[in-house]
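Descriptive structure summary
Here's the letter readout for the chains.
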Amino acid sequence: MVAPSRAAAAAAVLAGFCMWALGESHHNLGGYCSGDPEAGPVFLAALFAGPSLPECFDWNGDGVVSAADVVVAVQLVGESASPTPWLGTYTATSTPSITPTPSPTSTPSVTPTRTATPTITRTPTPSATPTITPTPKTCPPQAAATLEVFLEVDRGQPVESQAVVRGELLHPSCATADGRLLTTYAAALTGGTPARFEQLAPGIWVHHVEVTQPTNGQVQHQRSLVVAANWPNRVGWRVFRTVLVVAEAGDAPNGSATLRRALEEANRTLGPTLIRFDDTAFPAGQAGIVTLRRALPALTANDVTIDGRDELGVPGMRIIDAAGGAFPALVIQGARNRIVGLALRNVGGTDRDVLSIAGPAARGNVVEQCRIEGSASADGVGIDDRAGTDFAGGANVLRDSIILGAADKGIKVTGGAHARVEGNWVLHNANGGVQATLGGKVYARDNLIERNEGATAQNGFAVNGAHPDRPEDPALLFAEGNLVRANAGAGLLARAYSGVFARSNVFTTNARNGARMQPVDGAGAPALRADGNAFVCNGAAGLLVEAGVLYADLGDGAFGSSGANAFALNAIPALRRNLVFLGHDWLFARGNVWEQCGAASNCDLAAVRARDLGGNAERVHLEPVRSDAPSQILHIDEVRPKLAPAGTLLRIAGSGWQSLPLAPCQNSLPCEDETLPCVLVDGVPAPIEAATPTMLFVRMPFTCFAPVPLEVRTATGTARIEYCAPE
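First, a word on scope: everything that follows refers to the structure included in this document. All figures in this text were calculated on a predicted structure; none of them were measured in a lab.

Across the sheet, three strands lie side by side as β6-β2-β9; this open sheet has mixed pairing. Both outer strands of the open sheet, β6 (195-200) and β9 (233-239), are each paired with one neighbouring strand and no more. Neighbour-to-neighbour, the strand axes of this sheet turn through a mean angle of 20°, independent of strand direction. Judged from the four bridges that link them, strand β2 (residues 145-153) and β6 form a sheet pairing that is antiparallel. Paired with L147 across the bridge in β6 is F197.

Spelled out as C-alpha cells, the structure:
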C-alpha cells in the first residue's frame, strides 16, 4: 500500500478522532489501516502510531485494529471527570508552602468533633472570586449515609488477606443537632467480603486501613466525600505483597529506612509493592521533607505505589526536595506505578524536569494528588521517549494535581509519548502550561490552565510538530472541558505538523490570541476541529488561522464539526477581530455564535464579516449562524465531577443557554439578572465563571451531602438533573 501524503494523513487522523468523540457509528472500522484507502474515514480506534501508518492504532492491545477497540474508546470518553485540584491558593515564595487542613494533634481522634467547619479553598480567578459560604446545610431527615469498605486482593497472593479498617468524620457537609448520625466506624475485614456501615453522617471522612494478614506493615490513610443516597459510597484498599517503610527523613548513604533504600528494594522486589511513610517519623499536619544529596534511583519496577498522604489523609505533606541539584526529584521508567499525595520540588541544573516519566517501558503510570513545582531550567512534568502507548491502559495519567513554578512548561509530552491530563491546576510556569510536541499525544480534560507567564512561549496549550525520527507521526491534542485563561501568550498555539480536536473549552483573557494555527516552513501545518468552544475576551484575535493551514473545521467542514463555538469581545473594542482567517482556500465556520449577531434571530452577516472577521473574511462560510438566544429546548447532559466539596469548579454539559452574556471578561455572575442564565444547586445560586454554548463552568456553593436537584434556568425555561450522587 502506498502511504498517504502527510496532509492527508493528518486530516484522516483528526477526522477519525472527531467522529469518535461525537459518538458516531462507523462500519468500516480499520478498513483504511488494513490497506483499503477507499474504505472511508478512519475511526479513533485506528489512530496513532502503527508500524506503517500514524493513524492506525490498537486501543485494547490485542494486536489487531478492530471493532473491539471501540469499546475502549467509548469507555474513555465516558469516564467521570476529576475534581478541581485539592490544593489551595498558590503563594509565590522561594519555598512554596503547603497548607493542609489543620489538625489539633498528630493522631486523629477516634471521635472527632461534629461541628467542625471545612476550610474552603478556591482556585483563583483573574478577577473577583465568588463568595462561597462554607456553613453546612441542615441535614434532611433521610440524610444518613452508607459506606462499603473492601479489600482489593491481587491474584496469586499467598494468604487470605485480613485487615482492620476504621474512619472518622472530619468535616460534616450538613448539620444535625440530634446526634443520630455516626461519626466513626471500625471493623475487621477478611478476603473479598466488604464491611458495610450505615447511619453515617455525610461529609468529608478520613479512612484508615491496617493489614493484619499478611503481616507486612501495611498502614494507609485516605479522604473521601461520603453522601447520603439510595446506594452506598465505596472505599477500597489494595493489599500489597511487599511493604517498605520510610522512617528516616534524611538521605544518608548508609540509612536503613530512607526513601532511597526503599526505592532500591522496590526495584528488586516482586510486586505489588507499597512504599509508605511512617506516621511517627512523619507526623500528620507537619511537612516531612526528604532533602536529596544526589539523584534517587529511577523507579524501574512495575506495580509500585508510593503513598505520601499523612495520617489525616492530607496529600502534599511528604516532600521530596532536590535541593537545587541537577537531577529530577523522581524518575519513573517502569509500568503501572502509582504516585499519590507526594510533593516534588526544587530541581536545578540544565534540562532537568521535576518529575520525569520516560522510556518505552513506562506505561500505565498514575500520578495523582501531587504538588509538582520549581524546575530551574526545564519542565514540571516531562513525559518522554515513547512513554505510554495509548489513552487507555497504556497511558500515563496525571490527575488532580497542581503543577507550578517551572522555568519551561508545566507539563510536556514529547518523543511519541502518550498522556492523559485530567483535573489539574497548571499555573505560573514561565514557558507555558501543557505542551504536546515532537509526536507527543495529550488527552486533556477538565483542567484549569492559567497565569502561565515569564518567558517567550507562555501559552496555555501548545502543540508543536511531528516526531523527529518519524515525520509522519504528528503531535496531537484532544482537549475537552478545560478553562484556559489569563496566560501571557495564547490560550492555544498549534504549530507545524500537528492535530487539535477542541470541544467545550473556554479560551479567555489570554494576553494574545485565544487560539492560533501556525504553519512552519518545511515542517508542515496544523489541523483543527473545534466544537462548542468559547473564544472570548482575549487580547488579540479569538482565533487566528494563518495562511497555509488547509485543514481547519469550525462548523460543517471536512471533519464533521457541529460548530456551536462562540466568538466575542476579543481585541480592542474599536476593532473587534474575533476570527482572523489569512488562508486562500475556504474555511467552514457554520453554526457558530458571533458577537455582532448575539441573540438576534436574523443575523446581519455583513456586520459579522466587517466586525467579527478579519483577513480573508469573504472566504469564510458562515451560514447558518447560531443565535445566542435562550432555546425553548434546554437540557443538561452531565455534570462533572459527580461529587464535590464547596468551591469546586463544576462542568455542566448541555445546551440551550446564552453564552455571550456569560463571557468571563471580568467577574463571575451570580443569579441576579432574570434575563441571564442562572445555576442553582438545591436552590442555592452557583456563580458562573465561564460558559460556552455547550458547557457552563460554575462554583459549587456547598459541599455535597445527598442527591439534590441542579437547575439551569433561562428566560425561556429550566433544565434539571440530579447531582451529588455517588458512583
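This part covers the packing of aromatic side chains. Here the structure, examined in full by the defined rule, presents 10 aromatic pairs. Where F277 meets F282, the ring centres are 5.1 Å apart and the plane angle is 85°; that geometry is what we call edge-to-face. Of the two residues, F277 and F282, both sit in the buried class. With a centroid separation of 6.3 Å and an interplanar angle of 20°, the aromatic rings of Y551 and F559 are classed as stacked. Y551 gets classed as partly exposed once you look at its relative accessible area, which sits at 27%.

We now examine the nonpolar core. Ranked by size, the top nonpolar core spans 84 residues in total, and within it I275, I372 and F461 carry the most contacts. The element best represented in this core is helix α3 (residues 259-266), accounting for four residues. Once residues within four sequence positions are removed from consideration, I275 is found in contact with L244, V246, L259, A262, L263, A266, V304, T305, I306 and D307.

A word on helix α4 (residues 605-612). Those residues of α4 not exposed but buried are L605, A607, V608 and D612. All buried residues of α4 lie within an arc of 155° about the axis, which places them on one face of the element. Among the structural elements, β41 (566-568), β42 (579-581), β44 (593-594) and β45 (613-615) are those in contact with the buried residues of α4. Near the N-terminus of α4, the side chain that reaches the backbone nitrogen of A606, with its oxygen 3.1 Å away, is that of D604.

With that settled, consider the environment of D379. Among the secondary structure elements, D379 is positioned in the loop between β20 (371-375) and β21 (381-384). Taking C-alpha positions, D379 is 5.0 Å from D408, a pair spaced 29 residues apart along the chain. Every residue in contact with D379, bar those within four places of it in the chain, is listed here: R352, D353, V354, A406, D408, K409, G410 and K412. At 2.9 Å, the side chain of D379 and the backbone nitrogen of K409 are in polar contact.

Basis of the calculations
Residues numbered from 1 in each chain as written. Predicted model: local features only at pLDDT ≥ 70, side-chain atom pairs only at ≥ 80, totals over all residues. Heavy atoms only, no water. Pairing = 2+ DSSP bridges. Helix = DSSP H or I, 4+ residues; strand = E, 2+ residues; numbered from the N terminus. Axes fitted to C-alpha atoms, helices over the stretch in contact; angles between N-to-C directions. Phe/Tyr/Trp six-rings, centres within 6.5 Å; stacked < 30°, edge-to-face > 60°. Buried < 20%, exposed > 50% of the residue type's maximum accessible area, 1.4 Å probe, protein only. Core = buried A, V, L, I, M, F, W, Y, C linked by side-chain atoms within 4.5 Å. Contact = heavy atoms within 4.5 Å. Arc of directions from axis to C-beta. Polar contact = N/O pair within 3.5 Å; in protein donor to acceptor, adjacent residues only side chain to side chain.

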